[in-house]
Amino acid sequence: MSDLLSRLVGMAIPHEDDAREERGSSPSVGTVSTQNAALSAVRHTGALVAGANLLEATGPLAELTAAETRGVLDAARRELITKKGRGVVFEAATVVQLQEAGERYGFKLSAQLSTAANNPRADVLVTHAGLDIELQLKCGDDKYIRAALRKQADGVVMLVPSDAVQGQAVGVLDFDGVEIESPTRDQLYAQTEKSLDRLSAGEPVVSFAEAAKRALKDSLVAAVIVAVIDIASQVLEKPEQPIDWKRTSKAVLKVTATTVVTSLLATANTATALKAAGRAIEVASIARGTRAAAALVPHAIDVAIDFSRLSSGEMNRAQFVRKASGHAGAATAEYLAFPVLARIAARLGPIGSVIAMIAGGLFVSFVGRKAGEFIHDMAVDLLSAPPAGQQLVEGQVSAAVERLQRETEHEIARRVKKAEKRLCEEPRCSKPHHARGMCKRHYSRWWRRQRRFNWRAYSVALPLRGRPTLAVAGRKQGR
């Protein structure tokens with residue numbers, strides 16, 4: 001009897017598997033690329049703010065202010081002061097770049113400025129995998145660098161701008177096959193000049209407009225690649241169907257919004273943390289927190305969207321919990337796999353690195369989401385399955401009945417909401433109602449199933465608070 005009842009109800013309500021085949025899902029937002037953009041914002045902002053702090057605490061800014069006060073500041077004197085400050089900015093940029101690289105690539109890497117300013121032996125102290133490295137930074141002209149090389153102390157690495165490499169001086173630091181390149185002399189000069197101008201005028205070193213422009217630029221690159229990947233996946237999955245531009249637009253808008261938000265948050269957090277840091281430059285913890293936030297924000301948006309669907313009746317509570325578990329698994333997998341993907345991308349060119357980060361992020365997100373859903377399904381099965389070889393006691397029977405009753409009430413409430421809005425009552429389907437509580441496509445699929453199995457539908461009055469009667473399927477007689 002129970003088997004017959006389940007078959008009758010199953011024929012009346014379209015199968016969840018059928019609806020799932022029709023809907024499809026857009027690809028992940030590419031959270032790994034969002035983490036990459038956020039860490040780039042930390043490095044960029046950290047180098048600017050840390051360099052400005054050192055310029056304000058050392059000689060160049062004071063010398064520039066004194067020359068302006070005395071009225072003796074000319075172009076030649078200003079250029080000389082800026083060239084002096086270039087070395088200070090080089091130190092700050094090197095420390096920030098090494099600390100951020102430790103978090104980006106998963107290295108056991110730490111860097112700090114020498115405790116004493118103008119240390120004749122080492123400007124930056126680095127520790128990598130238990131090995132101590134001393135860096136002496138020189139960014140003057142070629143003649144000055146050659147003179148510094150003749151006085152180079154034993155065991156000290158001479159680091160110079162990437163366009164000034166000569167002799168034993170290096171412009172690239174290699175850690176486990178990943179090369180970290182130093183800035184050029186022109187880049188250091190431009191950054192120093194910009195910082196001195198803003199410090200002397202009392203303006204912030206990093207403005208909100210510049211941060212927003214940089215964040216939007218990074219997000220547009222990721223959005224274009226996500227659009228290409230989404231269109232390619234649709235063509236490969238269902239070549240007979242037209243491209244769903246609405247789905248592609250959603251993916252592009254999501255990756256643009258999340259990248260912009262995380263980049264702006266990373267910039268604001270870095271600028272605030274380093275505002276009064278002085279020589280104690282610390283961006284490793286900032287980068288670590290930024291990467292964690294960048295892994296959570298996109299999936300938090302997805303969970304919020306699913307919650308709105310739950311409220312509107314497009315999905316039930318069990319589906320919402322299952323999808324939330326999948327998002328948690330995807331966020332965890334993306335956070336843990338990011339250093340590996342970053343090392344792979346570091347060996348590619350600019351375009352190849354972006355493609356590798358997004359494509360790798362989509363794959364990692366897919367695996368993490370499936371793992372989260374699998375763990376959720378296992379937990380549900382283990383908690384709901386009765387003990388082997390034992391009979392259910394009266395309390396367990398009551399609990400099971402109450403649980404089934406709650407699920408039935410939730411399902412009825414969900415269908416009532418959809419019926420009031422004249423929408424299809426299938427989960428996660430928001431198309432207009434056509435017949436029997438279904439849209440045109442679901443109804444056609446249901447009717448084809450009836451004919452395939454030689455069944456027909458007849459109506460049985462089951463009034464539910466004024467709603468139209470439900471249909472229960474019965475076997476056609478006489479055939």
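Residues numbered from 1 in each chain as written. Predicted model: local features only at pLDDT ≥ 70, side-chain atom pairs only at ≥ 80, totals over all residues. Heavy atoms only, no water.

Here four strands make up an open sheet; going across it, the order is β1-β2-β3-β4 and the pairing mixed. Edge positions in the open sheet fall to β1 (109-113) and β4 (156-159), since each of these has one partner strand only. Strand after strand, the sheet turns through a mean of 30° between neighbouring axes, direction not considered. Across five bridges, β1 lies against strand β2 (residues 124-128) in antiparallel orientation. Directly across from Gln-112, in β2, lies its bridge partner Leu-125. (Pairing = 2+ DSSP bridges. Helix = DSSP H or I, 4+ residues; strand = E, 2+ residues; numbered from the N terminus. Axes fitted to C-alpha atoms, helices over the stretch in contact; angles between N-to-C directions.)

Turning next to helix α10 (residues 284-312). Its 29 residues place the ends of α10 43 Å apart at the C-alpha level, agreeing with the 42 Å of an ideal helix rising 1.5 Å per residue. Looking at α10, one finds that the buried residues are Ala-284, Ile-286, Ala-287, Thr-290, Arg-291, Ala-294, Ala-295, Pro-298, His-299, Asp-302, Asp-306 and Ser-312. Two residues or fewer past α10, Gly-313 is found with a positive phi of approximately 90°. (Expected span 1.5 Å × (residues − 1). Buried < 20%, exposed > 50% of the residue type's maximum accessible area, 1.4 Å probe, protein only.)

Once that is clear, we can look at the side chain of Ser-365. Position of Ser-365 relative to the elements: it lies in helix α12 (residues 350-384). On the accessibility criterion, Ser-365 (0% relative accessible area) is buried. In this structure the side chain of Ser-365 is engaged in a polar contact, spanning 2.9 Å, whose partner is the side chain of Glu-334. (Polar contact = N/O pair within 3.5 Å; in protein donor to acceptor, adjacent residues only side chain to side chain.)

Now for the environment of Ala-304. Among the secondary structure elements, Ala-304 is positioned in helix α10. As for Ala-304 and Ala-324, which are separated by 20 residues in sequence, their C-alpha atoms are 9.7 Å apart.

On to the state of the cysteines, then. One pass over the full model with this rule turns up zero disulfides. Cysteine Cys-439 shares no disulfide, and the gap to the nearest cysteine sulfur, in Cys-424, comes to 3.9 Å. (Disulfide = S-S within 2.5 Å.)

Before going further, it helps to spend a moment on the confidence of the model for the chain. Mean pLDDT over the chain: 77, with 85% of residues reaching 70 or higher. Throughout residues 1-25 the model reports pLDDT below 50, and contacts reaching past four residues in sequence, or to other chains, amount to 41 contacts. A low-confidence stretch, residues 457-479 (pLDDT under 50), is modelled with 36 contacts involving residues beyond four sequence positions or located in other chains. (pLDDT = per-residue confidence, 0-100. Contact = heavy atoms within 4.5 Å.)

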